[in-house]
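# Observations on the three-dimensional arrangement
So the chains spell out like this:
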Amino acid sequence: MELLRFSTAGSVDDGKSTLIGRLLYDSKSIFQDQLDALEAYSNQKGYGVVDLALLTDGLRAEREQGITIDVAYRYFATPKRKFIIADTPGHIQYTRNMVTGSSNSNLSLILIDARNGIVEQTNRHSFIASLLNIAHLVVCVNKMDLVGYDENKFNEIVDGYKVLASKLDIKDVTFIPISALNGDNVVDRSTNMSWYNGPTLMYLLEHVHLSSDINHIDGRFPVQYVIRPKEDRYHDYRGYAGRVASGIFRVGDKVMVLPSGFTSTIKSIDSYDKTMEECFAPQSVTIVLNDDIDISRGDMIVRENNVPQSSQDLEMMMCWFGDTPMQPNGRYILRHTTKESKCVIKDIRYRIDVNTYHRNEEEKQIKMNDICRVHVRTQVPIFFDSYRKNRITGSVILIDEATNNTVAAGMIM
Amino acid sequence: MQLYNLDHLRDLEAESIYIIRETAAQFERPALLFSGGKDSIVMSHMARKAFYPAKIPFPCVHIDTGHNFPETIEYRDMWMKEIGANLIVGHVQDSIDTGRVKEEKGPNASRNALQTVTLLDTIAANKFDACMGGARRDEEKARAKERIFSHRDEFGQWDPKNQRPELWMLLNGKKSVGENFRVFPISNWTEMDVWMYIVAENIPIPSIYFSHQREVIDRDGMMLATSDFIIPGPNEMPRKEIVRYRTVGDMTCTGAVFSTASTLQEVIDEISASRTTERGTRSDDKRSEAAMEDRKKAGYF
Ligand SMILES: Nc1nc2c(ncn2[C@@H]2O[C@H](COP(=O)(O)OP(=O)(O)O)[C@@H](O)[C@H]2O)c(=O)[nH]1
């Protein structure tokens, strides 16, 4: 059984919580005691009916405000797949949560209210999905029941969206007309929209092709931890523990260690109960080399004939998360795979308006939720691939040295 | 390319081992909180895998309320030997004896809330800067938003409104003096994943997870085992039932369920068919709907 991680986005009241509640409910992932608690809460608040949306509203403060304000993770499974939902809120001030929720997703689900059509937030969500290089996009046109299940209305929105998508780097997009409230085309095929021949949402989630989402070409192994047992029988054992970021490594492969540039061959690939002939992303393994090379956390083992780029000057798209604005020429700590380096933001190339996609080259003030392109200079060379090619070796976070907070996410060009 | 797809359990395992290794690499004095329940068993099993053939480079910590099932303690000692881990035990009784906490009175007295103090004291005494816990996001609403590296201020408090963004798998464990972290390596597992993994890896678990005969009483909609800590009241008639437990908690607040499931497969079949979440068998969560959130704010696991 495969694992599909997806994120959801929509403006407030588009029906996101109702839709997730329905997916959980129709896949029988809601337990009786959860339903009981929900019913009790709904009654106490005088709602009359059980509100499925409450299932996904986590913290008390949020419940009191009646809105979702952070990323929440939900789990459900069908006989075909296991699913992890990163549920992210749609308000303007929470771009950072959507970027966060999307960063590990294979698929992004964007909701549009059929009555309102494409709104500013649709632009923003689509932009972020494209920026985070999410492989699959599903646009659910919700509340079809409120527009009389009208095919023309649906087509109008699809056409409008295609215009929007043409301005972005979006690979694979599917449109589905649904009613989250009534369940049309969510798990069961709608009898109200015989004009629609495409998949239901659940069918799509269960069948979308995933294996091509992982980079199996460029061998990259960031070293996380060096294993040196303190027992006599393992006296000479030096294992490099890590998670394969991409590509495939086999015993006997010629490899290069960065930054030293020393080469060696793979002696063994160990996991607890077996030694393996090969390993691939995203497995966690321990690699042993045939030569004694000084390797520590932050180094990267790569295939000798396929090495990443190396530079102290990185061009990247950046989403700012910090409460305090980006400091021009500010110094931060950059985390890239298992490596850290001090860095300075040398230049803000432009700030992008996530609603109109307009690039503003004059704008040098970068505040929370802004997205911009920057030039970052690091103290030591970073070994990277472009984010489009490799999500793991192409992504960084910035940490504020004073507060230790994560203040930005970067995607290397 | 079918060959290079990971099954979902292996995918989750790879992620958890990555998190455990990150914790060992980023912190000076990490520890693994071991409750004796299946979640912390699975976590410690993966800790052993993560550093093999070296030993687990951090201790396991058990907060003993003194109201544990004897089976849990017996299992704990066996398992620690099996995985070759160092065990540190914090006793709630010590916190009571030294006046750090006051024991609840009455028939529903539970030491569950007191654990928080003992835990925080144990963390302070050992200067732990990161404690791994076996909590899962699917367990309970408040946990659905918890980060994998969850920052605690110098008072051990969690601030749900001010969590660090966590992107890709770039975990930020930086902290100031006196602060520490809770780390949740199996955040993304569900109850069913844990069970399936226990089967796949053939991991031993405490006997109370399997069907057995036990003397119980009914209290607060739960079946509680009679023991030195649960004394039947005048209207509570002890009786023998065939039961098992879905979670390993305190004897004072963990309810048994009717069950004849005596093998792992039978347990899994029972859970697949069941309509109650596992936390539903623990009274400490039922006390209030936002109970978990309150306790987490106060530094509970
Ligand atoms: N008629 C109709 N109402 C819906 C549908 N989906 C959601 N709603 C209603 O729209 C409102 C907002 O839904 P909610 O799920 O809370 O939106 P969220 O803010 O996106 O999470 C609620 O009153 C829902 O009952 C739908 O498909 N049809």
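Analysis parameters
- Residues numbered from 1 in each chain as written.
- Chains lettered and ligands numbered in written order.
- Predicted model: local features only at pLDDT ≥ 70, side-chain atom pairs only at ≥ 80, totals over all residues.
- Heavy atoms only, no water.
- Helix = DSSP H or I, 4+ residues; strand = E, 2+ residues; numbered from the N terminus.
- Buried < 20%, exposed > 50% of the residue type's maximum accessible area, 1.4 Å probe, protein only.
- Contact = heavy atoms within 4.5 Å.
- Areas by Shrake-Rupley, 256 points an atom, 1.4 Å probe, with all protein chains shown as cover.
- Near = heavy atom within 4 Å.
- Polar contact = N/O pair within 3.5 Å; in protein donor to acceptor, adjacent residues only side chain to side chain.
- Nonpolar A, V, L, I, M, F, W, Y, C, P; charged D, E, K, R; others polar.
- Expected span 1.5 Å × (residues − 1).
- Core = buried A, V, L, I, M, F, W, Y, C linked by side-chain atoms within 4.5 Å.
- Domains from an automatic or database assignment.
- Buried area = accessible area lost by both parts, 1.4 Å probe.
- Salt bridge = Lys/Arg side-chain N within 4 Å of Asp/Glu carboxyl O.
- 1 Å grid on protein atoms, 1.4 Å probe; cavity = no way out; pocket = protein on both sides within 12 Å on 5 of 7 lines; lining within 4 Å.
- Points joined across faces, edges and corners; volume = space filled by probe spheres on them.
- Phe/Tyr/Trp six-rings, centres within 6.5 Å; stacked < 30°, edge-to-face > 60°.
- Lys NZ or Arg CZ within 6 Å of the ring centre and 35° of its normal.
- Disulfide = S-S within 2.5 Å.
- Axes fitted to C-alpha atoms, helices over the stretch in contact; angles between N-to-C directions.
- Parallel < 35°, antiparallel > 145°, perpendicular 65-115°, else oblique.
- Left-handed = near helix turned anticlockwise from the far one by under 90°.
- Pairing = 2+ DSSP bridges.
- pLDDT = per-residue confidence, 0-100.

### Digging into the overall build of chain B
On a plain count of helices and strands, chain B comes out with nine helices and 10 strands. Each of the 301 residues in chain B was classed as buried or not, and the buried ones make up 64%. Within chain B, residue pairs in contact and separated by at least 24 positions form 72% of the contacts whose partners lie at least 6 positions apart. As presented, chain B carries roughly 11400 Å² of accessible surface, and 52% of it is formed by carbon and sulfur atoms.

### Describing the overall build of chain A
Tallying secondary structure elements over chain A gives seven helices and 22 strands in all. Counting contacts in chain A only where the partners sit at least 6 residues apart, residues at least 24 apart contribute 70% of the total. Total accessible area on chain A stands at roughly 16600 Å², and carbon and sulfur atoms take up 47% of it.

### A closer look at the site of the ligand
Residue and element names in this part refer to chain A. Among the 16 residues in the neighbourhood of the ligand, the closest are listed as D13, K16, S17, T18 and D145. At 2.7 Å, a side-chain N or O of D145 approaches a nitrogen atom of the ligand. When the free accessible area of the ligand is taken as 580 Å², the share hidden by the protein chains comes to 76%. The leading source of residues in the shell around the ligand is helix 1 (residues 16-26), at three residues. Its residues placed into classes, the shell around the ligand shows five nonpolar, six polar and five charged.

### Some thoughts on the side chain of D299(A)
With respect to the secondary-structure elements, D299(A) resides in the loop between strand 14 (284-289) and strand 15 (300-303). In this view, D299(A) contacts F221(A), P222(A), V223(A), V257(A), L258(A), P259(A), D294(A) and T338(A); residues no more than four positions away in its chain are not counted.

### Quick look at helix 2 (residues 38-51) of chain B
Between the first and last C-alpha of helix 2 of chain B there are 21 Å, a value that for 14 residues agrees with the 20 Å anticipated at 1.5 Å per step. Judged by how many residues are buried, helix 2 of chain B sits mostly within the fold: 14 of 14 residues are covered.

### A few points about the nonpolar core
Ranked by internal contacts, the top residues of the largest apolar core, which has 71 residues, are F58(B) and W195(B). L107(A), L109(A), A114(A) and L168(A) belong to the second-largest nonpolar core, a separate cluster that totals 70 residues.

### A look at the domain arrangement of chain B
All names here are of chain B. Annotation of chain B at the domain level lists domain 1 (8-190 + 290-297) and domain 2 (195-286). On the side of domain 2, 31 residues touch domain 1, which itself brings 38 residues to the contact. Between domain 1 and domain 2 lies a buried interface of about 2800 Å² when both sides are counted; carbon and sulfur atoms form 57% of it. For domain 1, the biggest contributors to the area lost against domain 2 are K38, H67 and F69; these three give 26% of the whole. Taken together, the connections running from domain 1 to domain 2 amount to three salt bridges. Where domain 1 packs against domain 2, one counts nine residue pairs in polar contact (both at pLDDT 80 or more).

### Notes on the layout of surface pockets
Considering only enclosed or pocket space, the second largest pocket measures out at about 1100 Å³ in volume. Broken down by secondary-structure element, the contributors of at least two residues to the lining of the second largest pocket are strand 1 (2-9) and strand 7 (220-227) of chain A together with helix 1 (8-26) of chain B. Of the residues that constitute the lining of the second largest pocket, the class distribution is 17 nonpolar, 15 polar and 10 charged.

### Topic: the packing of aromatic side chains
In total, this model carries 20 aromatic pairs over all chains according to the counting rule given. For the pair Y75(B) and W79(B), a centre-to-centre distance of 6.1 Å together with 20 degrees between the ring planes defines the contact as stacked. Within this pair, Y75(B) and its partner W79(B) are both found in helix 3 (residues 70-83), separated by four residues, close to a single helical turn. Note on W79(B): relative accessible area 1%, which makes it buried. An aromatic cluster is present here, built from F6(A), F76(A) and F83(A) joined pairwise through their rings. Lying across the ring of Y73(A), R137(B) places its NZ or CZ 4.0 Å from the centre.

### Topic: the state of the cysteines
Applying the stated criterion to the full structure yields zero disulfides over all chains. This cysteine, C343(A), is not joined by any disulfide, and C372(A) carries the nearest cysteine sulfur, 13 Å off. On the basis of relative accessible area, C343(A) is assigned to the buried category, the value being 4%. There is no disulfide at C131(B), and the cysteine sulfur nearest it, in C60(B), is 11 Å away.

### Quick look at the side chain of S103(A)
Among the secondary structure elements, S103(A) is positioned in the loop between helix 4 (95-102) and strand 4 (107-113). Among the polar contacts listed, one links the side chain of S103(A) to the backbone oxygen of T100(A), at a separation of 2.9 Å. Sequence-distant contacts of S103(A), defined by excluding residues within four places in its chain, comprise L132(A), R391(A), E166(B), L167(B) and W168(B).

### Re the packing of helix 4 of chain A against helix 5 (residues 120-131) of chain A
The relative placement of two packed helices is expressed as an angle between their axes plus a distance between the axes. Residue and element names in this part refer to chain A. Following both chains from N to C, one finds helix 4 and helix 5 inclined at 40 degrees, their axes separated by 10 Å at the closest point. Between helix 4 and helix 5, the angle is such that the two are oblique. The handedness of the crossing between helix 4 and helix 5 comes out as right-handed. Together, T95, M98, V99 and S102 of helix 4 and R124, H125 and I128 of helix 5 make up the contact between the two elements.

### Some thoughts on empty space enclosed by the protein
If you roll a probe as big as a water molecule over the atoms, it shows you where there is empty space left. All chains considered together, the criterion is met by five cavities of 30 Å³ or more. Here the second largest cavity defines a volume of roughly 160 Å³. If you go around the second largest cavity, you meet 18 residues; those closest to its centre are R5(A), Y73(A), N104(A), R137(B) and N188(B). Sorting the residues of the lining of the second largest cavity by element identifies strand 1, strand 3 (81-87) and helix 4 of chain A as the ones contributing at least two each.

### Points about the sheet that holds strand 2 (residues 60-64) of chain B
One key point about sheets: their strands pair by backbone hydrogen bonds, in either a parallel or an antiparallel sense. Residues and elements named next belong to chain B. Read from one edge of the open sheet, six strands run 3-2-1-4-6-5, paired in mixed fashion. Bordering the open sheet on either side are strand 3 (87-91) and strand 5 (149-152), each of which pairs with just one other strand. Strand-to-strand twist in this sheet, taken as the mean axis angle between neighbours without regard to direction, amounts to 30 degrees. Examined bridge by bridge, strand 1 (residues 30-33) and strand 4 (residues 130-132) share three bridges and lie parallel to one another. Residue pairing in the sheet places A31 in a bridge with C131 of strand 4. Contacting strand 1, strand 4, strand 5 and strand 6 (180-183), helix 1 crosses the sheet at an angle of about 40 degrees to strand 5. Where helix 2 meets the sheet, it contacts strand 1 and strand 4, and its direction lies at approximately 140 degrees from that of strand 1.

### Regarding the sheet that holds strand 1 of chain A
Residue and element names in this part refer to chain A. Taken together, the six strands give an open sheet; going across it, the order is 2-3-1-4-5-6, and neighbouring strands pair in mixed fashion. Looking along the sheet, the strands with just one partner apiece sit at the ends: strand 2 (72-77) and strand 6 (172-177). Averaged over all pairs of adjacent strands, the angle between their axes in this sheet comes to 25 degrees, without regard to strand direction. Here six bridges tie strand 5 (residues 136-142) to strand 6, and the two strands are oriented parallel to one another. Bridge pairing in strand 6 links V139 to F175.

### Observations regarding the confidence of the model for chain B
All names here are of chain B. On average, residues of chain B carry a pLDDT of 84, and 86% of them reach 70 or more. Every residue in residues 285-290 scores below 50 in pLDDT, and together they form 14 contacts with partners more than four places removed in sequence or on other chains. Interface confidence for the predicted complex, expressed as ipTM, amounts to 0.89; the pTM equals 0.89.

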